[in-house]
Amino acid sequence: MQRKFFFVIGLAIVCIGFTPAYAQLCNCPPASACKPCSGGYTSVTLRYNGDSPALVVIIDGQSVLANLTLSSGEELTINGSKKNEKFADREVPVLVNGVSNTVLGPLCSELTVGSTYGLFTVISAESIGGTVVCCTTPPSDVTAPVISNMPATVYVESTTACSAPATWAEPTASDNCTLKSFTPSHQPGDTFPVGTTSVIYTAIDEAGLSTTASFSIVVSDKKAPVFTGGPAADVVVAAAESCNTAVTWTDPTVVDNCSLQLSQSHKSGDSFAVGKTTVTYEAKDPSGNTAKFAFNVIVEDRTAPAFTSFPENIIAYTGPTCTARVSWKHPSATDVCSAVTLVSSHKPDDEFGTGVTVVEYTAADAYGNKISRSFTVTVLDQASPKFVNCPSNMQMTIEEGSRTNVWWIPPTALASCAEITVQSSHEPNAVFELGNTPVTYTATSSSGASSSCTFTISVIQSEKQLEISKLITPDGDGANDEWILANIHVYKSNKVVIFDRWGGVIFQASDYDNHRVVWKGTNQSGGLVPTGTYFYSIIATSEFRRIETSGAIELVR
């Protein structure tokens with residue numbers, strides 16, 4: 001049957017002939033939920049299948065049933081012009097972006113639920129009386145599911161369990177109808193053994209059609225075996241009398257995340273010759289990763305030679321050349337396993353200078369075992385050292401304090417042959433207290449002879465008298481404006497009191513210093529006292545003495 005479709009230009013409706021194409025899909029309502037169409041359709045629900053959003057206009061008679069923008073997959077429901085009545089027109093045009101896309105026939109014989117018309121699929125409908133309408137014929141599905149976004153091969157390294165967990169972004173599956181199941185052989189996060197494992201995804205739709213896709217999990221073992229324990233250093237043992245010996249040790253432990261093979265060059269308890277032998281362990285796993293552990297077994301002749309005779313310490317005395325020729329008999333030494341070589345620091349009949357000289361002998365066997373022993377040759381200069389320019393007694397006079405630094409030229413000690421060590425009780429420029437202090441220099445030769453130089457440092461203090469001015473003229477001319485007590489600073493503490501002729505105190509102060517604390521002819525209130533005779537009392541104390549004095553002062557203005 002020839003049908004018509006419409007498109008809208010402005011407010012005009014143009015009719016053009018069109019024959020719709022019907023395509024059966026597989027998303028009909030279940031048979032238990034619907035009944036056959038009866039009397040025509042009153043409501044139809046459409047799904048928009050276009051790739052991009054579009055303006056959809058649907059017209060029935062004089063009514064615009066829809067005028068809206070739909071995106072792909074969105075649905076809309078259109079109803080007849082009157083409730084529970086079929087559509088007004090035999091042909092209901094559907095326009096997309098102003099162009100007719102399809103025509104819907106609202107009669108039961110002209111529209112099938114589950115079919116596609118243009119860019120729209122009828123997904124549900126109701127006929128007169130409110131009944132849900134089913135598909136008129138069973139759907140036919142011949143398209144298998146599609147699996148997308150399949151991961152590429154996943155590479156991971158094994159853990160300590162000779163396996164490793166692997167994860168991946170899971171693929172997706174879609175179907176033109178309903179996807180019944182989508183199952184993997186493994187889940188992300190599963191643990192996989194060393195080697196290659198296929199992960200298979202299977203998608204099955206409601207029609208029983210299936211699709212499989214796979215990728216590989218490759219678990220590599222890059223972990224070499226690990227040795228622990230065993231000797232931490234070379235195993236060194238003493239040789240037995242036969243110069244060979246059985247050597248034991250604790251075997252190392254080796255572990256690997258997979259299985260392994262272990263080989264070793266020697267076993268604990270094997271016999272080893274004198275010298276150094278390397279013991280090697282090697283572990284190898286199925287992936288070819290290897291590890292080695294090695295140490296040396298060193299068998300030594302540890303028996304050192306022994307001296308059978310040895311010289312005693314020798315004392316000799318200098319001759320005219322300040323040396324002495326000393327002789328002794330070489331020691332002798334023996335060894336259990338080999339000949340002995342003797343090496344000495346000095347030889348009999350060598351000349352020795354003053355002082356103590358160590359003569360050392362070393363006996364060594366063929367295997368490097370050594371023993372050393374020594375004796376001393378002491379050459380003495382019997383003459384005692386002599387001091388020249390020993391300082392005379394010194395006296396230092398100080399004006400203040402109780403100590404002072406004293407400088408002198410140190411004396412010089414001489415000896416004909418021996419080395420001399422000089423010690424002193426004091427050094428030049430040392431600090432000396434008041435009184436007499438002896439200073440002693442002692443010279444000791446390497447032979448033990450000694451002599452000394454002693455002088456005395458005497459520190460005395462000069463006496464400074466307190467000088468008291470008898471006149472004060474506080475007239476501001478710069479002369480005698482203040483009452484000056486010369487040398488008052490020598491005394492650590494003092495107290496000064498000034499009286500008038502009737503005995504009244506007009507000034508008193510402690511720590512009088514002629515500057516900060518000084519009498520300027522004023523009374524205790526700061527007022528000027530008149531010309532006249534005044535009297536004073538002074539008590540002053542230094543480190544060495546105390547003075548108390550009194551007298552009269554003339555004040556002239």
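Residues numbered from 1 in each chain as written. Predicted model: local features only at pLDDT ≥ 70, side-chain atom pairs only at ≥ 80, totals over all residues. Heavy atoms only, no water.

1. Remarks on the overall build of the protein
Tallying secondary structure elements over the protein gives zero helices and 50 strands in all. Compactness check: the protein gives a C-alpha radius of gyration of 63 Å against a globular reference of 24 Å for 557 residues, more than 25% above the reference. For the protein, the spread of C-alpha atoms along the principal axes amounts to about 155 × 115 × 35 Å. Taken over 557 residues, the protein has a buried fraction of 36%. Counted over contacts in the protein with a minimum sequence separation of 6, partners at least 24 positions apart contribute 57%. (Helix = DSSP H or I, 4+ residues; strand = E, 2+ residues; numbered from the N terminus. Rg over C-alpha atoms; globule rule 2.2 N^0.38 Å. Buried < 20%, exposed > 50% of the residue type's maximum accessible area, 1.4 Å probe, protein only. Contact = heavy atoms within 4.5 Å.)

2. A closer look at the sheet that holds strand E24 (residues 261-264)
Strand order across the open sheet formed by four strands is E21-E27-E26-E24, with mixed pairing between neighbours. Each of the sheet's edge strands pairs with one partner strand only, and the pair in question is strand E21 (235-238) and E24. The mean inter-strand angle of the sheet, taken between neighbouring strand axes irrespective of direction, is 15°. Inspection of the sheet shows E21 paired to strand E27 (residues 290-300) by four bridges, in the parallel sense. Bridging from a neighbouring strand, Val-236 pairs with Ile-298 of E27. (Pairing = 2+ DSSP bridges. Axes fitted to C-alpha atoms, helices over the stretch in contact; angles between N-to-C directions.)

3. Examining the environment of Tyr-201
Inspection of the secondary structure assignment puts Tyr-201 in strand E18 (residues 195-205). A residue is classified by how much of its surface remains accessible, and Tyr-201, at 1% relative accessible area, is buried. Separated by 308 residues in sequence, Tyr-201 and Ala-509 have C-alpha atoms that sit 111 Å apart. At 2.9 Å, the side chain of Tyr-201 forms a polar contact with the side chain of Trp-168. (Polar contact = N/O pair within 3.5 Å; in protein donor to acceptor, adjacent residues only side chain to side chain.)

4. Side note on the sheet that holds strand E32 (residues 341-344)
Taken in spatial order, the four strands line up as E29-E35-E34-E32 in an open sheet, and their pairing is mixed. Strands with a single pairing partner mark the edges of an open sheet, and in this sheet they are strand E29 (314-317) and E32. Strand after strand, the sheet turns through a mean of 20° between neighbouring axes, direction not considered. For E32 and strand E34 (residues 355-364), the ladder comprises four bridges, and the chain directions are antiparallel. The residue of E34 that forms the bridge with Leu-342 is Ala-363.

5. Description of the state of the cysteines
In the structure shown here, the tally under the stated rule is four disulfides. Shown here is the disulfide that connects Cys-37 with Cys-108, its sulfur atoms set 1.9 Å apart. Handedness of the Cys-37-Cys-108 disulfide follows from its S-S torsion of about -65°: it is left-handed. Of this pair, Cys-37 sits in the loop between strand E3 (22-24) and strand E4 (41-48) while Cys-108 is found in the loop between strand E9 (99-104) and strand E10 (115-117), placing the two residues 71 residues apart along the sequence. (Disulfide = S-S within 2.5 Å.)

6. Topic: the packing of aromatic side chains
Evaluated as defined, the whole model comprises 22 aromatic pairs. When the centroid spacing of 5.2 Å and the interplanar angle of 70° are considered together, the rings of Trp-168 and Phe-215 count as edge-to-face. Taken as a pair, Trp-168 in the loop between strand E14 (163-165) and strand E15 (172-174) and Phe-215 in strand E19 (residues 210-220) lie far apart in primary sequence, 47 residues in all. On the accessibility criterion, Trp-168 (9% relative accessible area) is buried. Ring geometry for Phe-507 and Tyr-512: centres 6.3 Å apart, planes at 90°, overall edge-to-face. Taken as a pair, Phe-507 and Tyr-512 share a single burial class, namely buried. (Phe/Tyr/Trp six-rings, centres within 6.5 Å; stacked < 30°, edge-to-face > 60°.)

7. As for unusual backbone geometry
Its identity as a non-glycine residue notwithstanding, Asn-97 has a phi of 55°, on the positive side. Position of Asn-97 relative to the elements: it lies in the loop between strand E8 (92-96) and E9. A positive phi is found at Asn-149, a non-glycine position, where the angle reads about 60°.

8. Considering the pairing of E4
Among the eight residues that make up E4, seven are buried, leaving the element largely enclosed by the rest of the structure. Pairing between E4 and strand E11 (residues 120-127): seven bridges, direction antiparallel. Along E11, the bridge assignment pairs Tyr-41 with Ser-127. The pairing of E4 with strand E7 (residues 75-79) spans five bridges and is antiparallel. Paired with Thr-45 across the bridge in E7 is Thr-77.

9. Points about the side chain of Asp-221
One can find Asp-221 in the loop between E19 and strand E20 (226-229). Polar contacts involving the side chain of Asp-221 include one to the main-chain amide nitrogen of Lys-223, which spans 3.1 Å. Here the side chain of Asp-221 touches Asn-257 through a polar contact of 3.1 Å, side chain to side chain. Ignoring anything within four residues of it in the chain, the contact list for Asp-221 reads Ser-158, Val-194, Asp-256, Asn-257, Cys-258, Asp-285, Ser-287 and Asn-289.

10. A few points about the pattern of salt bridges
Applying the stated criterion across every chain yields a total of eight salt bridges. One salt bridge in this structure joins Glu-300 and Arg-302, with 3.4 Å as the shortest N-O distance. (Salt bridge = Lys/Arg side-chain N within 4 Å of Asp/Glu carboxyl O.)

11. Considering the confidence of the model for the protein
A low pLDDT means the predicted coordinates there should not be read in detail. When pLDDT is averaged across the protein, the result is 86; 91% of the residues are at 70 or more. Below a pLDDT of 50 lies the segment residues 1-25, which in the model reaches 70 contacts outside its immediate sequence neighbourhood of four places, other chains included. (pLDDT = per-residue confidence, 0-100.)

12. As for the environment of Val-358
Mapped onto the elements, Val-358 comes out in strand E34. Its relative accessible area of 48% is what places Val-358 among the partly exposed residues. Residues Val-358 and Asn-313, 45 residues apart in the sequence, show an inter-C-alpha distance of 9.3 Å. Residues in contact with Val-358, not counting those within four places in the same chain, are Ser-345, His-346, Ser-374, Phe-375 and Thr-376.

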